[in-house]
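Fold and contact review
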Amino acid sequence: MQHDDVIWDIIGNKQFCSFKVKTKSQNFCRNEYSITGVCNRSSCPLANSQYATIREEKGQCFLYMKEIERAAFPARMWEKVKLSKNYEKALEQIDENLIYWPRFLRHKCKQRFTKITQYLIRMRKLVLKRQRKLVPLSRKVESREKRKEEKALIAAQLDNAIEKELLERLKQGTYGDIYNFPVYAFDKALEQQDAESESDAEEEEEEDDEVMGGSFYKSLCLMIEKVFYSERVFPFVQDVGQREFVAEDEVEESDLSDFEDMNKLKTSSDEEEQDESSEEEEEEEVQASRSKGKSPANGSLVRKKRAYVEIEYEQETESASRRRTT
Amino acid sequence: HEQRGESDDQSWRTPMKDLKMEEESSGVEKLEPGTTFPPTFSVSEIKNKQRRHQMFMKLKQEKRKQKMQLKKKRRKEREALGDKAPPKEVPKTIENQRVFDETTVDPEDEEIAFDEGTDEFSAYFNGLTNPKVLITTSDRPRGRVVKFCEQLATVIPNAHVYYRRGLALKRIIPQCIARDFTYLIVINQDRQTPNGLVLCHLPDGPTAHFKVSSVRLQKELKRRGKAPTEHSPEVILNNFSTRLGHTIGRLFAALFPQNPQFVGRQVATFHNQRDFIFFRFHRYIFKNEKKVGIQELGPRFTLKLRSLQKGTFDSKYGEFEWVLKRHEMDACRRKFQL
């Protein structure tokens, strides 16, 4: 005999129910066949001999029904009905199976079924979106890599490497005429002179000694002149003896444009410099820059204006002294 | 009687001196066949931990002394010889001992020159395209990642930062291509610090996935200069020697515009050392022809390549040219990939 009230009396309030979870405000029922999860007289599967639930397995919804006639056969107690995948048809099936059952159970079954279909739809949508894969980090590996990185950093000597690379680029003339450090221009001119002298020697084998001596003497003269004028920044020999007076205004206006022009001049040669260029390319470039420097038109103009900028101080004092005299 | 007494003395007394001598002899001498030595103790056979430790320390001291004596002797010999001394021996470093990699690029290799003339970066290196970079993060960037993105955008000219807002990368990429972007950078984060970087060259380019470590933002650098200006920086790429290294080097080079503005005096460095790529951003000034001063601006970080995939970002169906396989590649300390 099934005495629901007695069962409820015992497990509901007075004694222990293993499926009951007590919280501050409410009691929950952990029974897998419970239709709502709440511990109530009407939703307790143990205390109701006629009961129905909806359960979901692997995306399939089933309607479970318990009847008092089968209360004596626990193995056959729950009757399982597969519901159709179509939402409306499934609702009709529920209605059909639970016809003449208490309103509460019918309503709650439909509600539960709705909720389940909603979360199944959401699961299917989420799978299509971007899925985040969590990759575990191994602590040993991470610490090993960290240590390796530190050692590599020490071995890299970054500052030295960067400085070396920049000086290399300066030497090879990628910066063109922006920086005029006389030593490099001097070296370049010397190399040119040496190349010329060598070519001369090859061509004129008869007058070897004299020619060589002459070219050497020339290069010596160049050296002396350059050392003398290095402070005034006259690296090119052609302009040594000449003096020209350039007005102040002209220089200031066109000074910047000249720099920009120089940049543009250099850009075509610098495209190749950006790669890890082979030596051949670098040599070509050096020759190109040399040839550009050789042309008196650009070089001398720039040189004069630069020199003028440096001599600015002297001119001002001169004018002051002139004023004093006059 | 007398014999027993002696044997007793030997076995039971074991004075300190005898033991010490025996252990030293065991450490230094080798047993020659045919000769019989008295039974020697090695340091590890002493049961008492403190004694064992003491003995070991003494042994170590002795060894160190011998080493110092040897060094002094060698130095004296070297000084005595003066100019005729043999050249100093070069110490072994990991870089010296590096296992020869058959994919090391020979600068004059024609095949490689041809490949590089026709690969995805050829358009850039022939001057046809200008780099335009899109920087974004993973969902919901927090903390340092946002600042890092902003600073990267100042360092790389023509870079734009966009918020991700949960968009799928596969949908972003066609839009980027339509708007003429050449690069897509995605910065992944872990607990508010950047820890991963996906660098995708856009029109059909390779996608590289890096692990990011030791990020220092501009504020955290000591002795740093003012903010980087708008001038295009120069690029320095060091030590990219193998085929793979070359590809990655070109990947980095194509981030920056072809023609650097030397007026700006800024330089971005990607230095590869033992498969770690160190990124630094400096401002330089030539003090004279032999000295240059550099001042660090800009963020610094370290990259380690995890995978290189042909084509744009597609982690499921993409064809991976190279993937870091820890057990194979990290097993040998002297073998490097880049």
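This text follows the structure it describes.
My aim in this report is to walk through the structure given alongside it, one point at a time. Owing to the predicted nature of the structure, the values given are computational and were not obtained by experimental measurement.

**Here we look at the packing of aromatic side chains**
- If you walk through the whole model with that rule in mind, you get 16 aromatic pairs over all chains.
- Ring geometry for B:Tyr284 versus B:Phe286: centroids 5.5 Å apart, planes at 70°, classification edge-to-face. The exposure classification of B:Tyr284 matches that of B:Phe286, with both residues buried.
- In textbook terms, an aromatic cluster arises when at least three aromatic residues are bridged by ring pairs, as seen for B:Phe148, B:Phe210, B:Phe240, B:Phe252, B:Phe256, B:Phe270, B:Phe279 and B:Phe301.
- The ring of A:Tyr64 has A:Arg55 sitting right over it, with the charged end atom 5.3 Å from the ring centre.
- For the cation-ring pair, B:Lys304 lies above B:Phe276, with the distance from its terminal atom to the ring centre recorded as 5.4 Å.

**Remarks on the nonpolar core**
- Core analysis: the largest hydrophobic core is formed by 47 residues, its most contacted members being B:Phe210, B:Ile248 and B:Phe252.
- Top contributing element to this core by residue count: helix 6 (residues 144–155) of chain B, with 6 residues.
- Listed in part, the 23 residues of the second largest apolar core include A:Tyr33, A:Leu105, A:Ile116 and A:Leu120.

**Side note on the sheet that holds strand 5 (residues 78–82) of chain A**
Residues and elements named next belong to chain A.
- Taken together, the 3 strands give an open sheet; going across it, the order is 3-4-5, and neighbouring strands pair in antiparallel fashion. For this open sheet the edge positions go to strand 3 (51–57) and strand 5, each flanked by a neighbour on one side alone. For this sheet, the mean inter-axis angle between neighbouring strands, taken without regard to orientation, is 25°.
- Of the strands in this sheet, strand 3, strand 4 (60–66) and strand 5 are in contact with helix 2 (residues 87–97), which crosses strand 4 at around 10°.
- Contacts between helix 3 (residues 103–128) and the sheet are confined to strand 3 and strand 4, with strand 3 contributing the most and set at about 10° to the helix.

**What to know about the pairing of strand 4 of chain A**
Residues and elements named next belong to chain A.
- The buried fraction of strand 4 amounts to 7 of the 7 residues, a majority that puts the element mostly inside the structure.
- Burial of strand 4 is two-sided: the residues Gln60, Phe62, Tyr64 and Lys66 facing one way and the residues Cys61, Leu63 and Met65 facing the other way are all buried.
- Sheet analysis places strand 3 next to strand 4, joined by 7 bridges and oriented antiparallel. Pairing of Ile54 across the sheet is with Leu63, part of strand 4.
- The antiparallel pairing of strand 3 with strand 4 creates a hairpin that spans 2 residues between the two strands, and Lys58 there sits at a positive phi of about 50°.
- Relative to strand 5, strand 4 runs antiparallel, the two being bridged by 5 bridges.

**Some words on the environment of B:Ile187**
Residues and elements named next belong to chain B.
- With respect to the element layout, Ile187 can be found in strand 3 (residues 183–190).
- Taking the C-alpha atoms as reference points, Ile187 and Pro141, separated by 46 residues in sequence, lie 9.1 Å from one another.
- If we ignore the near neighbours within four places in the chain, the residues touching Ile187 are Ile135, Thr136, Thr137, Ser138, Val145, Phe148, Cys149, Leu152, Pro194, Gly196 and Leu197.

**Structural notes on helix 8 (residues 243–253) of chain B**
- In terms of residue burial, helix 8 of chain B counts as a mostly covered element, since 9 of its 11 residues are buried.
- Residues of helix 8 of chain B that are buried include every one of B:Leu244, B:Gly245, B:His246, B:Ile248, B:Gly249, B:Arg250, B:Leu251, B:Phe252 and B:Ala253, and no others.

**Some remarks on helix 4 (residues 139–156) of chain A**
- Compared with an ideal rise of 1.5 Å per residue, which puts 18 residues at 26 Å, helix 4 of chain A spans 25 Å between its outermost C-alpha atoms and is within 8% of the ideal.
- If you check which residues of helix 4 of chain A are buried, you get A:Val141, A:Glu145, A:Glu149, A:Ala152 and A:Ala156. All buried residues of helix 4 of chain A fall inside an arc of 75° around its axis, so they share one side. Turned more than 90 degrees off the buried face of helix 4 of chain A, the exposed positions are A:Arg139, A:Lys140, A:Lys146, A:Lys151 and A:Ile154.
- Residues of helix 4 of chain A that are buried sit in contact with helix 5 (158–172) of chain A together with strand 5 (207–216), strand 7 (266–273), strand 8 (276–288), strand 9 (291–310) and helix 9 (326–329) of chain B.
- Following helix 4 of chain A by one or two positions, A:Gln157 adopts a phi angle in the positive range, close to 50°.

**Details of the interface of chain A and chain B**
- Counting residues at the interface gives 37 residues for chain A, matched by 44 residues for chain B.
- A buried area of about 3,900 Å², summed over both sides, lies between chain A and chain B, and 59% of it is on carbon and sulfur atoms.
- Summed over the shared surface of chain A and chain B, the number is 4 salt bridges.
- A salt bridge links B:Lys211 to A:Glu142, with the nearest nitrogen and oxygen atoms 3.7 Å apart.

**Side note on the side chain of B:Arg283**
All names here are of chain B.
- Mapped onto the elements of the fold, Arg283 is located in strand 8.
- Despite its burial, Arg283 pairs with no opposite charge; the closest candidate is Glu230, at 11 Å N-O.
- Looking at Arg283, its side chain comes within polar contact range of the side chain of Gln266, at 3.3 Å.
- Setting aside residues up to four positions removed in sequence, Arg283 forms contacts with Lys226, Ala227, Pro228, Thr229, Gly264, Arg265, Gln266, Gly293, Ile294, Gln295 and Leu297.

**A few points about a positive patch on the surface**
- A contiguous patch of positive charge on the surface is contributed by A:Lys140, A:Arg144, A:Arg147, A:Lys148, A:Lys151, B:Lys92, B:Arg326, B:Arg333 and B:Arg334.
- The dominant element in the positive patch, judged by the number of residues it contributes, is helix 4 of chain A, at 5 residues.
- For A:Lys140, the location among the structural elements is in helix 4.

**A short note on the pattern of salt bridges**
- Considering all chains together, one arrives at 17 salt bridges over all chains under this definition.
- As a salt-bridge pair, A:Glu67 and A:Arg70 come within 3.3 Å of each other at their nearest N and O atoms.
- Residue classification places A:Arg70 among the buried positions, given a relative accessible area of 17%.
- Taking the shortest distance from any N to any O, the salt bridge between B:Arg274 and B:Glu95 comes out at 2.8 Å. Taken together, the positions of B:Arg274 in the loop between strand 7 and strand 8 and B:Glu95 in the loop between helix 3 (49–81) and helix 4 (110–118) put the pair 179 residues apart, joining distant regions of the chain.

**What about the side chain of B:His282?**
- With respect to the helices and strands, B:His282 occurs in strand 8.
- In this structure B:His282 comes out as buried when scored by relative accessible area, which is 3%.

**What to know about the environment of B:Ile156**
Residues and elements named next belong to chain B.
- Tracing the backbone shows Ile156 in the loop between helix 6 and strand 2 (159–161).
- For the pair Ile156 and Leu255, spaced 99 residues apart in sequence, the C-alpha separation works out to 7.4 Å.
- Not counting residues up to four positions away in its chain, the partners in contact with Ile156 are Val133, Ile185, Leu255 and Phe256.

The rules we used
Residues numbered from 1 in each chain as written. Chains lettered and ligands numbered in written order. Predicted model: local features only at pLDDT ≥ 70, side-chain atom pairs only at ≥ 80, totals over all residues. Heavy atoms only, no water. Phe/Tyr/Trp six-rings, centres within 6.5 Å; stacked < 30°, edge-to-face > 60°. Buried < 20%, exposed > 50% of the residue type's maximum accessible area, 1.4 Å probe, protein only. Lys NZ or Arg CZ within 6 Å of the ring centre and 35° of its normal. Core = buried A, V, L, I, M, F, W, Y, C linked by side-chain atoms within 4.5 Å. Helix = DSSP H or I, 4+ residues; strand = E, 2+ residues; numbered from the N terminus. Pairing = 2+ DSSP bridges. Axes fitted to C-alpha atoms, helices over the stretch in contact; angles between N-to-C directions. Contact = heavy atoms within 4.5 Å. Expected span 1.5 Å × (residues − 1). Arc of directions from axis to C-beta. Buried area = accessible area lost by both parts, 1.4 Å probe. Salt bridge = Lys/Arg side-chain N within 4 Å of Asp/Glu carboxyl O. Lys, Arg positive; Asp, Glu negative; His and termini not counted. Polar contact = N/O pair within 3.5 Å; in protein donor to acceptor, adjacent residues only side chain to side chain. Patch = residues over 30% accessible without salt bridge, like charges linked within 9 Å, V, L, I, M, F, W, Y side chains within 5 Å. Areas by Shrake-Rupley, 256 points an atom, 1.4 Å probe, with all protein chains shown as cover. Charge placed at Lys NZ, Arg CZ, Asp CG, Glu CD.

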